[in-house]
Amino acid sequence: MRETFTKGMARNIYYGGSVFFFLVLLGLTVDTVRSLPKTDNSQNLTEEVAAGKRLWEINNCIGCHTLLGEGAYFAPELGNVYTRYGENTEAIKIFIKSRPKDGIPGRRSMPQFNFTEEELEQIAQFLKYADGIKTARNWPPNIQG
Amino acid sequence: MKSDKTTDKELQIQLASNAALASLINLTILPIIGFIALIWIYRKTQAGTIARYHAVLGFKINIVAAAVLFLVSALMILFGGFNSPWTWVYVITYFTLVHTLFIVLAVWALVRAWSGDTLLNSNSS
Amino acid sequence: MKYQSQSIAKLYFIAAIGLFVGQILFGVILGLQYVMGDFLFPEIPFNVARMVHTNLLIVWLLFGFMGSAYYLVPEEAERELYAPWLAKLMFWIFLVAGALTILGYLLVPYATLAEITMNDLLPTMGREFLEQPTITKIGIVIVALSFLFNIGMTILSGRKTVINLVMLTGMTGLAVFFLFSFYNPDNLVLDKYFWWFVVHLWVEGVWELIMASILAYVLIKITGVDREVIEKWLYIIIAMALITGLIGTGHHFFWIGTPGYWQWLGSVFSALEPIPFFMMTLFAFNVVNKRRRDHPNKAATLWALGTAVMAFLGAGVWGFLHTLAPVNYYTHGTQITAAHGHMAFYGAYVMVVLTMISYSMPIMRGQKAGNDRAQIVEMWSFWLMTVSMVFITLFLTGAGILQVYLQRYSEDPMTFMVTQDKIEVFYWMREVAGLVFLAGLGAYITSFFVKGEEVKIA
């Protein structure tokens, strides 16, 4: 690099630039958090949904599925599974319940988690809540996720 | 007249660096505009200098890259069909990888221009 | 090696390589599960194998970063490490905690692990890459803080070089942003938003600082280029990394229920994110071209150039490929992301740690560089691993494009599972490339044991 561009200038760009953009990120974060109630479906965030989220977490569902496009890419997107299953929480519960314990020969299969009826309802409610989040351009592009 | 000679060498390296930079810019953020800049720099170079070498190298890299990238991609689309998913599997993967290889080559050309060398041989004249 | 305490790095590097082997073995298992869905089911289901694969990666890279810091900080600071005993103690704590966590993943169902470790008290488990039990996370914080204290005290009471300060800043950022992993609100959008404060601000933020400082250190050592020149490059690279990367976080906020302005901010800033990686390529090529000496460690030079190119390719180009919101609308959460993830992690972080190991390990073993035969084997391993990773990326990219077309773009979209069957051929090819990678890793480990004429320290 040219001699006219000194190390001091490079250092100032680094300090100035990173502090400035960190503050911008902070500001945008405050704005985002404030405007979330418009889209985040928090009006439907019940105790049951929260319990469902915990079950979603402690069974590591994200290890195979995506939820709003984030997670593993081994199994279907679940951010819109409620819509895909005809807006029917029963259908979701039946699917989870009916997974064979030893899998399906030669195919991918979801494990059998032996959930209680109450837990099944919580998970289904959590997925329904996730489906209600208003994503930009109504992502995913179509019902298949 | 030793000092004149050194300034001339510096000037040549400066020109060579600008040529290599124009070539790299044409390959990345400003296609065509970068090429026009390269032509403009080329006209200021003289035969046998490192500056001329890098301007010509810039032409070669960019013309070959354009041919290899656009021609082959066009052929893939022509033979594969615009509405076939497999066409896009090949075109996008091919274009991205090969384009990057040309960029890496142009980066190497640029650092060689900075040190007043040709692509492969250290030119200490 | 100028200071005795630098040799602590050796412990860290050996552990890193050991865990790297585990990571790749589980990678091969995962690849097979993609095509033989019932492989090891229900003993090791996909989610468990994936968790082991990604967590081992994170842990061994942390070992690699800490080892690199323990090696370069004393030499840069021109004094012994502040507390070598603390570095050794933390090594064992981290190794045991890491091993127990991985064993926990493998031996008991994840829900049981959550119960045993009392996740209910402070639920943090079950989010991608942050699957570690809360107690492990607390352990990571303790290890990170002790580490920061140790290198911080060394740097503050020694020579303060730019490389040391950048390394310290990067590691501090790593520790600070990890604290967001303890924040797990019930609100899914908030959870996702701050989850990225760990994941994105690590790999597209502060880790780039760590990477750049390691690369700068090794390049000073092997090329002999003037420190002033290298430090100027280092500053400008990390400046660009943070200027683009901080707001670039926005490319994760396109489709998770966050405001629409992120579409623009995320697209524009993350489109600039290749710049720091591009500059790293330019920087590495430039200083190697202008080298003042020919260091006998050819393998380390190859790794340094390799990491500069592959980070640009994997993190820069393959990131740019799907970062613009209109493109990401179709590619978000497909195999395109997997393709990018593999090459970016390998090119940027795996290779920079291997660069450091390649440079420092022979010195810690009493030689200036590995013997000729060992270096040849190591360079073979470089090419086997790097080329196979390029192919893994190309195959996953092909799989991703086809998946996007069939499942997302087509007017008559197929279901997820039907699409997966259609792209199976790519998964088979990826698995073959994965086996070549494993062979390359085998060659890498072999290179440490190849005997030959020693290259003495001058």
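Residues numbered from 1 in each chain as written. Chains lettered and ligands numbered in written order. Predicted model: local features only at pLDDT ≥ 70, side-chain atom pairs only at ≥ 80, totals over all residues. Heavy atoms only, no water.

Trainee: Looking at this structure, how should I read the overall build of chain C?
Mentor: Helix and strand counts for chain C come out as 16 helices and zero strands. Over its C-alpha atoms chain C spans a radius of gyration of 22 Å, differing by no more than 12% from the 23 Å that the globule rule assigns to 458 residues. Along the first, second and third principal axes, the C-alpha atoms of chain C reach 70 × 45 × 45 Å. Across the 458 residues that make up chain C, the buried fraction comes to 70%. For chain C, the proportion of contacts with a sequence separation of at least 24, taken over those separated by at least 6, is 82%. For chain C, the computed accessible surface area is about 15,100 Å², with 71% contributed by carbon and sulfur atoms. Averaging the coordinates of the 26 positive side-chain charges in chain C and doing the same for the 28 negative ones gives two points 12 Å apart. (Helix = DSSP H or I, 4+ residues; strand = E, 2+ residues; numbered from the N terminus. Rg over C-alpha atoms; globule rule 2.2 N^0.38 Å. Buried < 20%, exposed > 50% of the residue type's maximum accessible area, 1.4 Å probe, protein only. Contact = heavy atoms within 4.5 Å. Areas by Shrake-Rupley, 256 points an atom, 1.4 Å probe, with all protein chains shown as cover. Lys, Arg positive; Asp, Glu negative; His and termini not counted. Charge placed at Lys NZ, Arg CZ, Asp CG, Glu CD.)

Trainee: Got a minute to help me understand the packing of helix H2 (residues 46-77) of chain C against helix H13 (residues 335-364) of chain C in this structure?
Mentor: A pair of packed helices can be characterised by two numbers: the angle between their axes and the separation between those axes. Residue and element names in this part refer to chain C. With their axes 10 Å apart at the nearest point, H2 and H13 run at an angle of 40 degrees to one another. In terms of orientation, H2 and H13 fall into the oblique class. Of the two elements, H2 crosses H13, and the hand of that crossing is left-handed. In this structure, H2 contributes His53, Leu57, Trp60, Leu61, Gly64, Phe65, Ser68, Tyr71 and Leu72 to the contact, and H13 contributes His342, Phe345, Tyr349, Val350, Val352, Val353, Leu354, Met356, Tyr359, Ser360, Ile363 and Met364. Residues belonging to the contact of H2 with H13 are distributed by class as follows: 16 nonpolar, five polar and no charged. (Axes fitted to C-alpha atoms, helices over the stretch in contact; angles between N-to-C directions. Parallel < 35°, antiparallel > 145°, perpendicular 65-115°, else oblique. Left-handed = near helix turned anticlockwise from the far one by under 90°. Nonpolar A, V, L, I, M, F, W, Y, C, P; charged D, E, K, R; others polar.)

Trainee: Looking at this structure, how should I read the environment of Lys128 of chain A?
Mentor: Within the secondary structure, Lys128 of chain A is located in helix H5 (residues 117-131). Once the C-alpha coordinates of Lys128 of chain A and Gly79 of chain A are considered, the two residues, 49 residues apart in sequence, prove to be 8.4 Å apart.

Trainee: How should the confidence of the model for chain C be read in this particular structure?
Mentor: Note that predicted coordinates carrying low pLDDT should not be read in detail. Of the residues in chain C, 100% reach a pLDDT of 70 or more, and the chain-wide mean stands at 97. As a predicted assembly, this complex carries a pTM of 0.96 together with an ipTM value of 0.97. (pLDDT = per-residue confidence, 0-100.)

Trainee: It is not clear to me how the nonpolar core should be interpreted in this structure. Could you clarify?
Mentor: The nonpolar side chains of soluble globular proteins are, as a tendency, buried together. Membership of the largest hydrophobic core comes to 242 residues, with the highest contact counts inside it found for Trp60, Phe65, Trp202, Trp207 and Leu219 of chain C. Counting contributing residues, this core receives three or more from each of domain 1 (1-39) and domain 2 (41-145) of chain A. Residues in contact with Phe65 of chain C, not counting those within four places in the same chain, are Met167, Met171, Leu174, Trp207, Ile210, Ile214, Tyr349, Val352 and Val353 of chain C. In terms of nonpolar packing, the next biggest core, distinct from the first, is built from six residues, Ala136 and Trp139 of chain A together with Trp255 and Ala325 of chain C among them. (Core = buried A, V, L, I, M, F, W, Y, C linked by side-chain atoms within 4.5 Å. Domains from an automatic or database assignment.)

Trainee: For this particular structure, what's the right way to read the interface of chain B and chain C?
Mentor: Many structure descriptions define interface size as the accessible area lost when the parts assemble. On the chain C side, the residues contacting the 22 residues of chain B number 24 residues. Buried area between chain B and chain C, summed over both chains or domains, comes out near 2,000 Å², and the portion from carbon and sulfur atoms is 86%. Joining chain B to chain C, the criterion identifies zero salt bridges. Counting every contact that joins chain B to chain C gives four residue pairs in polar contact (both at pLDDT 80 or more). The element that contributes the greatest number of residues to the side of chain B that touches chain C is helix H4 (residues 85-114) of chain B, accounting for 17 residues. For the side of chain B that touches chain C, the class distribution of residues is 14 nonpolar, six polar and two charged. (Buried area = accessible area lost by both parts, 1.4 Å probe. Salt bridge = Lys/Arg side-chain N within 4 Å of Asp/Glu carboxyl O. Polar contact = N/O pair within 3.5 Å; in protein donor to acceptor, adjacent residues only side chain to side chain.)

Trainee: Quick question: what am I supposed to make of the interface of chain C and chain A here?
Mentor: Contacts between chain C and chain A engage 87 residues on the former and 72 residues on the latter. Summing the contributions of chain C and of chain A, the shared interface buries around 6,900 Å²; its carbon and sulfur component is 64%. On the chain C side of the interface with chain A, the three residues burying the most area are Lys232, Tyr235 and Tyr329 of chain C, jointly 10% of the side's total. The tally of links between chain C and chain A comes to six salt bridges. Close ionic contact of Glu70 of chain A with Lys192 of chain C constitutes a salt bridge, the shortest N to O distance being 3.1 Å. Taken together, chain C and chain A are joined by 34 residue pairs in polar contact (both at pLDDT 80 or more). Of the residues that constitute the side of chain C that touches chain A, the class distribution is 51 nonpolar, 22 polar and 14 charged.

Trainee: Please clarify how the packing of aromatic side chains should be interpreted in this entry.
Mentor: How two aromatic rings sit relative to each other is given by the distance of their centres and the angle of their planes. Here the structure, examined in full by the defined rule, presents 69 aromatic pairs over all chains. A centroid spacing of 5.5 Å and a plane angle of 80 degrees characterise the contact between Tyr183 of chain C and Phe194 of chain C, whose relative ring orientation is edge-to-face. Taken together, the positions of Tyr183 of chain C in the loop between helix H6 (162-178) and helix H7 (188-223) and Phe194 of chain C in helix H7 put the pair 11 residues apart, joining distant regions of the chain. Members of the aromatic cluster, joined through ring pairs, are Phe22 of chain A together with Phe177, Phe180, Tyr183, Tyr193, Phe194, Phe197, Phe253, Tyr261 and Trp262 of chain C. When the ring centre of Phe74 of chain A is taken as reference, the NZ or CZ atom of Arg108 of chain A above it lies at 4.4 Å. Here the basic side chain of Arg430 of chain C rests over the ring of Tyr34 of chain C, its NZ or CZ set 4.9 Å away from the ring centre. (Phe/Tyr/Trp six-rings, centres within 6.5 Å; stacked < 30°, edge-to-face > 60°. Lys NZ or Arg CZ within 6 Å of the ring centre and 35° of its normal.)

Trainee: Would you mind going over empty space enclosed by the protein with me for this structure?
Mentor: Vacant regions in the atomic arrangement are exposed by a probe of water-molecule size rolled over the atoms. Counted according to the given criterion, the structure contains six cavities of 30 Å³ or more. Taken as a whole, the second largest cavity holds about 140 Å³ of empty space. Contributing to the lining of the second largest cavity are 13 residues, with Ile62 of chain A together with Arg127, Glu128, Asp191 and Lys192 of chain C lying nearest its centre. Those elements giving two or more residues to the lining of the second largest cavity turn out to be helix H2 (47-58) of chain A together with H7 of chain C. Counting residues per element, the lining of the second largest cavity draws most heavily on H7 of chain C, at four residues. Residue classes in the lining of the second largest cavity are distributed as five nonpolar, one polar and seven charged. (1 Å grid on protein atoms, 1.4 Å probe; cavity = no way out; pocket = protein on both sides within 12 Å on 5 of 7 lines; lining within 4 Å. Points joined across faces, edges and corners; volume = space filled by probe spheres on them.)

Trainee: Looking at this structure, I do not really get the pattern of salt bridges. What am I missing?
Mentor: Should their charged atoms come close, side chains of opposite charge can pair. Counted by the stated rule, this structure contains 21 salt bridges over all chains. Linking Glu75 of chain C and Lys2 of chain C is a salt bridge whose minimum nitrogen-to-oxygen distance equals 4.0 Å. On the criterion of sequence distance, the pair formed by Glu75 of chain C in helix H2 and Lys2 of chain C in the segment before helix H1 (8-35) is long-range, its members being 73 residues apart. When its relative accessible area of 8% is taken as the criterion, Glu75 of chain C is described as buried. For Lys2 of chain C, a relative accessible area of 59% puts it in the exposed group. Each member of the salt-bridge network shares a partner with another, and the members are Lys53, Arg54 and Glu57 of chain A together with Arg127, Asp186 and Asp191 of chain C.

Trainee: Looking at this structure, I do not really get the packing of H2 of chain C against H7 of chain C. What am I missing?
Mentor: Residue and element names in this part refer to chain C. Where H2 contacts H7, the two axes come as close as 11 Å, and the packing angle between them is 45 degrees. Comparing the axis directions of H2 and H7 gives the class oblique. The chirality of how H2 crosses H7 is left-handed. From H2, Ile58, Leu61, Leu62, Phe65, Ser68, Tyr71, Leu72, Glu75 and Glu76 reach across to H7, where they touch Trp202, Trp207, Ile210, Ile214, Tyr217 and Lys221. Residue classes in the contact of H2 with H7 are distributed as 11 nonpolar, one polar and three charged.

Trainee: I tried to follow the environment of Leu113 of chain C on my own but got confused; where do I start?
Mentor: For Leu113 of chain C, the position within the fold is in helix H4 (residues 110-116). In contact with Leu113 of chain C, other than residues within four places in its own chain, are Gly104, Tyr105, Val108, Met125 and Pro133 of chain C.

Trainee: It is not clear to me how the layout of surface pockets should be interpreted in this structure. Could you clarify?
Mentor: As a volume, the largest pocket reaches approximately 1,400 Å³. If you trace the largest pocket, you find 45 residues lining it, with His99 of chain B together with Val317, Phe320, Leu321 and Leu324 of chain C closest to the centre. The element that contributes the greatest number of residues to the lining of the largest pocket is H4 of chain B, accounting for 10 residues. By residue class, the composition of the lining of the largest pocket is 37 nonpolar, eight polar and no charged.

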